[in-house]
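Residue-level structure breakdown
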Amino acid sequence: MTITQDLIKNSKPHWDNYIKHEFVQKLANGTLELKNFQHYLMQDYIYLFHYSRAFALAMYKSDNFEQMEFSRQALNSILDEIQLHINYCKEFGIDEKSIHEQKESPACVAYTRYVLDCGLSGDLTQLYAAVIPCFLGYAKVADYITLNNLSVANNPYQSWIDMYSSKEYQEAANDATEFFEGLCKDLSKKQMGKIQDIFTTATRMEISFWQMGLDLS
Ligand SMILES: Cc1ncc(C[n+]2csc(CCO)c2C)c(N)n1
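Below or above, wherever it landed, is the structure these notes cover.

Conventions we followed
- Residues numbered from 1 in each chain as written.
- Predicted model: local features only at pLDDT ≥ 70, side-chain atom pairs only at ≥ 80, totals over all residues.
- Heavy atoms only, no water.
- Near = heavy atom within 4 Å.
- Polar contact = N/O pair within 3.5 Å; in protein donor to acceptor, adjacent residues only side chain to side chain.
- Areas by Shrake-Rupley, 256 points an atom, 1.4 Å probe, with all protein chains shown as cover.
- 1 Å grid on protein atoms, 1.4 Å probe; cavity = no way out; pocket = protein on both sides within 12 Å on 5 of 7 lines; lining within 4 Å.
- Sits in = over half its atoms within 2 Å of the grid points.
- Points joined across faces, edges and corners; volume = space filled by probe spheres on them.
- Helix = DSSP H or I, 4+ residues; strand = E, 2+ residues; numbered from the N terminus.
- Nonpolar A, V, L, I, M, F, W, Y, C, P; charged D, E, K, R; others polar.
- Phe/Tyr/Trp six-rings, centres within 6.5 Å; stacked < 30°, edge-to-face > 60°.
- Buried < 20%, exposed > 50% of the residue type's maximum accessible area, 1.4 Å probe, protein only.
- Contact = heavy atoms within 4.5 Å.

**Examining the site of the ligand**
In the vicinity of the ligand lie 13 residues, with Asp44, Glu81, Cys134, Tyr169 and Glu206 positioned nearest. In this structure, Asp44 approaches the ligand through a side-chain N or O atom, which is 2.7 Å from a nitrogen atom. Contact between the ligand and Tyr164: a nitrogen atom at 3.4 Å from a side-chain N or O atom of the residue. Burial of the ligand by the protein chains amounts to 98% of its free accessible area of 430 Å². Here the ligand occupies the largest pocket.

Below, the structure written as structure tokens:
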């Protein structure tokens, strides 16, 4: 069993609640109301902003150029994706002005500032323990939907599913996981206990993020 498989196993049942959340089920079967998806997408814009800050912090927390390079590339791709995200929002009827005028939801504040705190108060490995559930989880959500044939014909959210099941995204998630496992490999049992805590907490935060979409909170 790999380090990440172990972290996933020990974070159950939260991990399964994240991957198979009601938001995911509705997204897959096309019954998710547009207003819920719009709210989620708009908050995700703020999420991605703070997530980018976390990778900038990862550069600062790096011990060598090799580590710095990994986070630099991750940051680059997220920054490139931001414009795509804005265009994607437009396709779902959200204009750029409302993205900028919205208030940040409590679930988004909690999750993103938690990730940043893991990096500020901890080291690079702890920071990555907080970002891996996001990276890897969305790849697993897409797998869950496609492998179980949960999506329906003419699903309005098919492009979202396709994006996360794409080869490029799956590879990026694997690369991040591999990088993270490299950081963990020489940790003591006690240090791994802390990593597990962070991984499980970030997983619980992902559940709240889906729920925020459903509750319009
Ligand atoms: C709440 C929330 N969690 C995870 C992701 C997925 N995600 C965001 S950035 C990134 C890495 C590079 O694309 C990944 C996988 C999301 N969008 N929103």
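**Observations concerning the layout of surface pockets**
A volume near 830 Å³ is recorded for the largest pocket. In this structure, the largest pocket is lined by 32 residues; those nearest its centre are Ile78, Glu81, Phe135, Tyr164 and Tyr169. Contributions of two or more residues to the lining of the largest pocket are made by helix H4 (34–60), helix H5 (65–91), helix H8 (124–147), helix H9 (158–165), helix H10 (167–184) and helix H11 (189–215). When residues in the lining of the largest pocket are grouped by element, the largest group, 12 residues, is from H5. In terms of residue class, the lining of the largest pocket is made up of 20 nonpolar, 5 polar and 7 charged. Space inside the second largest pocket adds up to approximately 250 Å³. Along the wall of the second largest pocket there are 14 residues; nearest its centre are Gln5, Leu136, Lys140, Asn174 and Thr177. When contributions to the lining of the second largest pocket are tallied by element, the ones reaching two or more residues are helix H1 (3–10), H8 and H10.

**As for the packing of aromatic side chains**
For the coordinates displayed, the defined rule picks out 28 aromatic pairs. Consider the rings of Phe23 and Trp210, whose centres lie 4.9 Å apart with planes at 20 degrees: the pair is stacked. With Phe23 in helix H3 (residues 22–29) and Trp210 in helix H11, the pair connects residues that are 187 residues apart, well separated along the chain. When sorted by exposure, Phe23 lands in the same class as Trp210, which is buried. Considering the side-chain rings of Tyr128 and Phe179, the 5.0 Å spacing of their centres and the 65 degrees angle between planes classify their relative orientation as edge-to-face.

**A closer look at the side chain of His85**
In this structure, His85 sits in helix H5. With relative accessibility at 10%, the residue His85 sits in the buried group. Side-chain polar atoms of His85 contact the backbone oxygen of Leu41, separated by 2.9 Å. In contact with His85, other than residues within four places in its own chain, are Leu41, Asp44, Tyr45 and Leu48.

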